[in-house]
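Single-letter residue listing:
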Amino acid sequence: MRPILAIALLLALAGCGPEEKPLAAAPFNTDIPLEEVMAHVMDPAAYAFWNGTGTSYTADGETDLSPKTEAEWKRVEDGAAMVVLGSNSLMLPGYARPPVADWYRHARKVSEIAKRAKDAVERKDTAAMSSIGIELDEACEACHMQFSPAEESPAAKAAPTP
């Protein structure tokens, strides 16, 4: 009888430890309006990447936009990395727009493409950067088509087109 009592006592004591408290919600700050997140984070970051990809055609001829210096490579890589992080921020509570599943799908797609862009910059693969830049533009445009910005921000109006 004693072994059964000892086992019962051990089982009872096992449940007497400190009670685990549920984790508190992360203290996200989403006080910056979505339009400003786009104007101050997403747009400048995307253009930092796009401005280092492809070719510019003018009356004076063609210009290869690929980075030439380490500082230029860093600026283009920083842009791609910020698009990844900015896209993740768009999925925080407070920014998602209905239908939320579509919002998350668009944000994840932009984030995944931007990560591939960052990887291409790290490899200094200008051909991949150019084609990924087109993909990124199309993914951003698809999101904007479904979730039309209320009014284009002054920063977005002033930003050069890719």
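Here the structure is shown first, and the text comes after it.
Residues numbered from 1 in each chain as written. Predicted model: local features only at pLDDT ≥ 70, side-chain atom pairs only at ≥ 80, totals over all residues. Heavy atoms only, no water.

A. Representation of the pattern of salt bridges. Enumeration over the complete set of coordinates arrives at nine salt bridges. The closest approach of N and O atoms between lysine 74 and aspartate 78, which form a salt bridge, is 2.7 Å. Taken together, the residues lysine 74 and aspartate 78, both in helix H3 (residues 70-89) and four residues apart, mark about one turn of the helix. On the basis of relative accessible area, aspartate 78 is assigned to the partly exposed category, the value being 35%. Each of Glu77, Lys118 and Glu122 takes part in salt bridges that share partners, so that together they form one network. (Salt bridge = Lys/Arg side-chain N within 4 Å of Asp/Glu carboxyl O. Helix = DSSP H or I, 4+ residues; strand = E, 2+ residues; numbered from the N terminus. Buried < 20%, exposed > 50% of the residue type's maximum accessible area, 1.4 Å probe, protein only.)

B. Summary view of the packing of aromatic side chains. The tally for this structure, following the rule as stated, stands at two aromatic pairs. For the ring pair tyrosine 47 and tryptophan 50, a centre distance of 5.2 Å and an interplane angle of 70° mean the geometry is edge-to-face. Of this pair, tyrosine 47 and tryptophan 50 both sit in helix H2 (residues 34-50), three residues apart, which is roughly one turn of the helix. An identical accessibility class is assigned to tyrosine 47 and tryptophan 50; each is buried. When the centroid spacing of 4.9 Å and the interplanar angle of 85° are considered together, the rings of tryptophan 103 and phenylalanine 147 count as edge-to-face. Of this pair, tryptophan 103 sits in helix H4 (residues 100-123) while phenylalanine 147 sits in the loop between helix H5 (126-146) and helix H6 (154-158), and the two are 44 residues apart along the sequence. With a relative accessible area of 6%, tryptophan 103 lands in the buried category. For phenylalanine 147, a relative accessible area of 13% corresponds to the buried category. (Phe/Tyr/Trp six-rings, centres within 6.5 Å; stacked < 30°, edge-to-face > 60°.)

C. Representation of H2. At methionine 42, H2 shows its strongest bend, of approximately 30°, with the proline proline 44 following within four residues. Of all the residues in H2, the buried ones are Leu34, Val37, Ala39, Met42, Asp43, Ala45, Ala46, Tyr47, Phe49 and Trp50. (Bend = angle between axes of the 7 residues up to and from the residue.)

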